[in-house]
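The chain contents come next:
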Amino acid sequence: MNRIVASLLLLFGLGCAGLAAAENMAPATVEAVAAVAEAAAPVATLAPVPDKGDTTWMMISTLLVVLMTLPGLALFYGGLVRAKNMLSVLTQVFAIFCVIAILWVAYGYSLAFTAGGDLNSYIGGLSKMFLSGVDTSVNVETFSKGVVIPEMLFMMFQLTFAAITVALIVGGFAERIKFSALLVFSVLWFTFSYLPLAHMVWFWGGPSAFADPAGFLFAKGALDFAGGTVVHINAGIAALVGALVIGKRVGYGKDAMAPHNLTSTMIGASLLWVGWFGFNAGSNLEANGTAVLAMVNTVVATAAAAVSWMFAEWLLKGKPSLLGIASGAVAGLVAVTPAAGFAGPMGAIVLGLVSGAVCLWGVTGLKHALKYDDTLDVFGIHGIGGILGAIATGILVNPALGGTGVFDYATNAVAEYNLTAQLTSQLWGVGTAIVWSGVVSFVLFKAIDAVMGLRVSEEEEREGLDTATHGERAYNL
Amino acid sequence: MKFVTAIIKPFKLDEVREALSAIGVSGITVTEVKGFGRQKGHTELYRGAEYVVDFLPKVKLEVAVKADLVDQVIEAVSKAAQTGKIGDGKLFVWDLEQVVRIRTGETGAVAL
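Residues numbered from 1 in each chain as written. Chains lettered and ligands numbered in written order. Predicted model: local features only at pLDDT ≥ 70, side-chain atom pairs only at ≥ 80, totals over all residues.

Draft legend 1. Region of the structure containing the overall build of chain A. The secondary structure content of chain A amounts to 15 helices and 4 strands. Relative to a compact globule of 477 residues, whose C-alpha radius of gyration would be 23 Å, chain A shows 21 Å and is just as compact. Principal axes of the C-alpha set define a box for chain A whose edges measure 65 × 50 × 45 Å. Pairs at least 24 apart in sequence give 79% of the contacts found in chain A among residues at least 6 apart. (Helix = DSSP H or I, 4+ residues; strand = E, 2+ residues; numbered from the N terminus. Rg over C-alpha atoms; globule rule 2.2 N^0.38 Å. Contact = placed C-beta atoms within 7 Å.)

Right under this line is the structure:
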C-alpha cells in the first residue's frame, strides 16, 4: 500500500499541469453540445408512458437517499467527533447537501448526463442547464428498452447521489477544516471531480441508443451498478488527499479523541443502511427483479461485513465493539454498491465478509502504517471498500458464480463472461477514479489553502468548531 | 465537629445515603468526580485507536457531623460502600472549624 500512496502522490505532482487543461474542459464544451443533447431523448418515437410502479419506486428511492445524508451520514459522522465539534459536522453535511442540490439543477445534471460533443468521453454539455427542457412531459429510458421514468425524477435521484458524495468527504478533515474553505472546495470538487466521473461512468445513450457515444469508463465496460467508483472511491480519495494536505489534528496521537456519542453513530449507520436500499435498488431505475436482487444483496453483504468486522475485532483486539459492527456494516454497503445488481446473493455475502475484515485493516493497520489523520476513516472505509467492491464486481458478475452476467444490448442477451476482460475494465474504472479524484482534490486543496487557508487557527481548533465557527454548542447540559 | 469526605463507587451511592440517613445524618453533598488510586484504569478501543482511561468515575460524598457521630459515619459508609474489590474508595476525616447556616446566620453545631 505504501507504493500505491507513493505513486498516487507522484501522480498529483505530474497531474498539476494536466489539470489546468481539465479545468478548462467544461466551458469549452458548452456551445458545441447544445444541439446534440436536444436529440438525446431517445425514445421519442415510441412515446412510452412511465409505469406508475416504477415512478413510485424511484420517488421512494430518491427520498431514501436523501435520508442517507440528512440525517443519516450527519449523525453517523457527528457521533464520531468530540462533543465540541458535533454541530460543525452536522452543519457541514447539511450545508453541502443544500449547496449541491442547487448546483445540480443549475449545471450539474447537464454536465453529467448530457452528451458532451468532442469531450463526451469525459464530460457532458450544458444543454440542460437550469433544467432547460427537463419538464414533466419528458421521460428517460431505464435499463430496459421502451421502459421510461420521468426525467425530472431521474435528475433528482442523481441529485441525491451528488450531494452525499461531496458530504462524505468532510469526514477526512473533520474537526479542523475552515467552514468557508470547505464550501469553496465542495463547489469546485463537485464540478471538477464528481461531474466528470459521473459522466465517464454512467453516461450512455440508453438501451434504445446503446451505440451512441458513452462516457469513457462506460465505454470501457467498467461495471458500477450504484456508484462504487463515482461515489465511494471518488470521495474516499478526496478525503485521503484532504487529510494529507490539511495535516493532523492538534494533539493527534496524544490527546484522547474518542467518539463523543456512539448512540448517534449507531442511529446514523442504521439510517445509512435503510437509505442504501434506495441507493442500490433504486439504481436499477425500475421496480423489477434486478431491483429486488440489489435489495437482497444490500442486506446480506452488509450483514456479512458487519459480523466479519465484529469477529475480526473480537479476535484481534479482544472485544466486539458497537463502533466495529456499525463500521463493518458501512464497509459492506460500500463494497456491495457497485456489485448490487450484478452479483448473486452468495457472492455478495463473500464480498461482505471480505470487505469487513479488509476495511478493519484499512482503518487500523494501513492508517497507522501511513500515519495520516483521516478523522472519520473515509478512505479506510469508502476508499478501500470502494476499490475492493469495484474489483470484486468484475469477478462476481460471472454467471458461474451466481452473478447476472453483463447484458449485451446489441444481441439482447447476456454476453459471454470473460474474467480478464472484465477485471481489466474494472481496473480502468478504479485507476481513473483514483487518479482523477486524487489530482483534482490535490490541486483544489492546495489552491484553496494558498488563497484563503484550509484550516482554522490552533486556538479555534482547541476550543472546538461548534463555538469557534458556529457560535453554538450541541449540548447545554 | 468533623468533616468526612468519602470517595465511593458510583453505584453504591444509594446504599450509602440510606445508611447515613439511618444513623441520623441530616445532609450530604454529592459530586461526580474522576480519579485514580490502586484500581487500574482501562483501555478503550475505537477503530483500533487505543485510549488508556486512567481516571475512573467515582462519587465524592461530603458530610459534616458532630464529633460524637463521626465513628458511626465512618462505619456506615465503609460498610455500605464495600464490595471487597479493589476500587471501593476511601474516607478522609477532617476537623471542622466552623459552620454557618446562611439563611439564619446560626453557627456551630446548631447549623449542622
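After that view, the rundown keeps rolling.
Draft legend 2. The overall build of chain B, seen in detail. A count of helical and extended segments in chain B gives 2 helices and 6 strands. Computed over the C-alpha atoms, the radius of gyration of chain B is 17 Å, more than 25% above the 13 Å expected from 2.2 N^0.38 for a compact globule of 112 residues. For chain B, with 112 residues in total, the buried portion stands at 19%. In chain B, 68% of the contacts between residues at least 6 apart in sequence involve partners at least 24 apart. (Buried ≥ 20, exposed ≤ 12 C-beta atoms within 10 Å, placed from the backbone.)

Draft legend 3. Broad picture of the pairing of strand β1 (residues 2-8) of chain B. Residue and element names in this part refer to chain B. With 7 bridges connecting them, β1 and strand β5 (residues 56-65) associate as antiparallel partners. The residue of β5 that forms the bridge with T5 is E62. With 7 bridges joining them, β1 and strand β6 (residues 89-95) adopt antiparallel strand pairing. Note on β6: the bridge partner recorded for I7 is K90. (Pairing = 2+ DSSP bridges.)

Draft legend 4. Quick peek at the packing of helix α8 (residues 262-282) of chain A against helix α9 (residues 289-317) of chain A. All names here are of chain A. The N-to-C vectors of α8 and α9 enclose an angle of 145°; their axes lie 8 Å apart at closest approach. Between α8 and α9 lies a crossing of right-handed hand. Here W273, W276, F277, N280 and A281 of α8 come into contact with α9, specifically with A291, A294, M295, T298 and T302. Its residues placed into classes, the contact of α8 with α9 shows 7 nonpolar, 3 polar and no charged. (Axes fitted to C-alpha atoms, helices over the stretch in contact; angles between N-to-C directions. Left-handed = near helix turned anticlockwise from the far one by under 90°. Nonpolar A, V, L, I, M, F, W, Y, C, P; charged D, E, K, R; others polar.)

Draft legend 5. Looking closely at the pairing of strand β4 (residues 49-53) of chain B. Residues and elements named next belong to chain B. Pairing analysis gives 5 bridges linking strand β3 (residues 42-46) to β4, with the strands arranged antiparallel. Opposite Y46, over in β4, you have A49 as the bridge partner. Two successive antiparallel strands, β3 and β4, enclose a turn made up of 2 residues, where R47 displays a positive phi of approximately 45°.

Draft legend 6. Summary view of the packing of α9(A) against helix α10 (residues 322-336) of chain A. Residues and elements named next belong to chain A. The contact between α9 and α10 brings their axes to 7 Å, and the two run at 140°. It follows from the interaxial angle that α9 and α10 lie oblique. Of the two elements, α9 crosses α10, and the hand of that crossing is right-handed. When α9 is examined against α10, the residues N297, T298, A301, T302, A304, A305, A306, S308, W309, M310 and E313 are found in contact with a partner set consisting of G324, I325, S327, G328, A329, A331, G332, L333, A335 and V336. Tallied by class, the residues present in the contact of α9 with α10 amount to 12 nonpolar, 8 polar and 1 charged. (Parallel < 35°, antiparallel > 145°, perpendicular 65-115°, else oblique.)

Draft legend 7. Region of interest: the interface of chain A and chain B. The partner chain B presents 6 residues to the 11 residues of chain A that form the contact. Listed by contribution, the elements that provide at least two residues to the side of chain A that touches chain B are α10 and α11 (345-370) of chain A. Split by residue class, the side of chain A that touches chain B holds 5 nonpolar, 3 polar and 3 charged.

Draft legend 8. Representation of the sheet that holds β5(B) in the model. All names here are of chain B. The antiparallel open sheet is built from 4 strands, whose spatial order is β2-β5-β1-β6. Looking along the sheet, the strands with just one partner apiece sit at the ends: β2 (29-35) and β6. Along the sheet, successive strands turn relative to each other by an average axial angle of 20°, direction set aside. Direction of pairing for β2 relative to β5: antiparallel, over a ladder of 7 bridges. Bridge pairing links T29 to E62 in β5.

Draft legend 9. Quick peek at α11(A). Residue and element names in this part refer to chain A. The terminal C-alpha atoms of α11 lie 35 Å apart, and with 26 residues this matches the ideal 38 Å at 1.5 Å per residue to within 8%. Along α11, the largest kink reaches about 40° and is centred on G362. Positive phi shows up at K371, right after α11, with a value of about 60°. (Expected span 1.5 Å × (residues − 1). Bend = angle between axes of the 7 residues up to and from the residue.)

Draft legend 10. Highlighting unusual backbone geometry. Residues and elements named next belong to chain A. In this model, L70 is joined to P71 through a cis peptide bond whose omega is 5°. Within the secondary structure layout, P71 lies in helix α2 (residues 52-80). With phi around 70°, L285 is a residue other than glycine that occupies positive phi space. Despite not being glycine, K371 has its phi angle at roughly 60°, a positive value. Tracing the sequence through the fold places K371 in the loop between α11 and α12 (378-396). According to the C-beta neighbour criterion, K371 is exposed, with 9 such atoms within 10 Å.

Draft legend 11. Just the confidence of the model for chain A, in detail. Of all residues in chain A, 90% attain a pLDDT of 70 or more, and the chain-wide mean is 91. Segment residues 1-39 of chain A: pLDDT under 50, and 52 contacts once partners within four positions in sequence are set aside and those in other chains are kept. (pLDDT = per-residue confidence, 0-100.)

Draft legend 12. View of helix α13 (residues 419-451) of chain A. A rise of 1.5 Å per residue sets the reference length of α13(A), with its 33 residues, at 48 Å; its end C-alpha atoms lie 47 Å apart and thus fit the reference within 8%. Positioned one or two residues after α13(A), A:G453 has a phi angle of 85°, which is positive.

Draft legend 13. Here's a closer look at the confidence of the model for chain B. Averaged over chain B, the pLDDT score is 93; the fraction of residues at 70 or greater is 100%. Predicted complex metrics record ipTM = 0.71 and pTM = 0.85.

Draft legend 14. The arrangement of the environment of A:V439 in detail. All names here are of chain A. Mapped onto the elements, V439 comes out in helix α13. Taking the C-beta count within 10 Å as the criterion, V439 has 24 such neighbours and is therefore assigned buried. In sequence terms V439 and A112 are 327 residues apart; their C-alpha atoms lie 19 Å from each other.

Draft legend 15. Spotlight on the environment of A:L197. Residue and element names in this part refer to chain A. Position of L197 among the secondary structure elements: in helix α5 (residues 179-202). Classification of L197 by C-beta neighbours within 10 Å gives buried; the count is 30. Here the alpha-carbon distance between L197 and V231, two residues 34 residues apart in the chain, equals 8.9 Å. Once residues lying within four places of it in the same chain are set aside, the contact partners of L197 are T229, V230, N234, A433 and W436.

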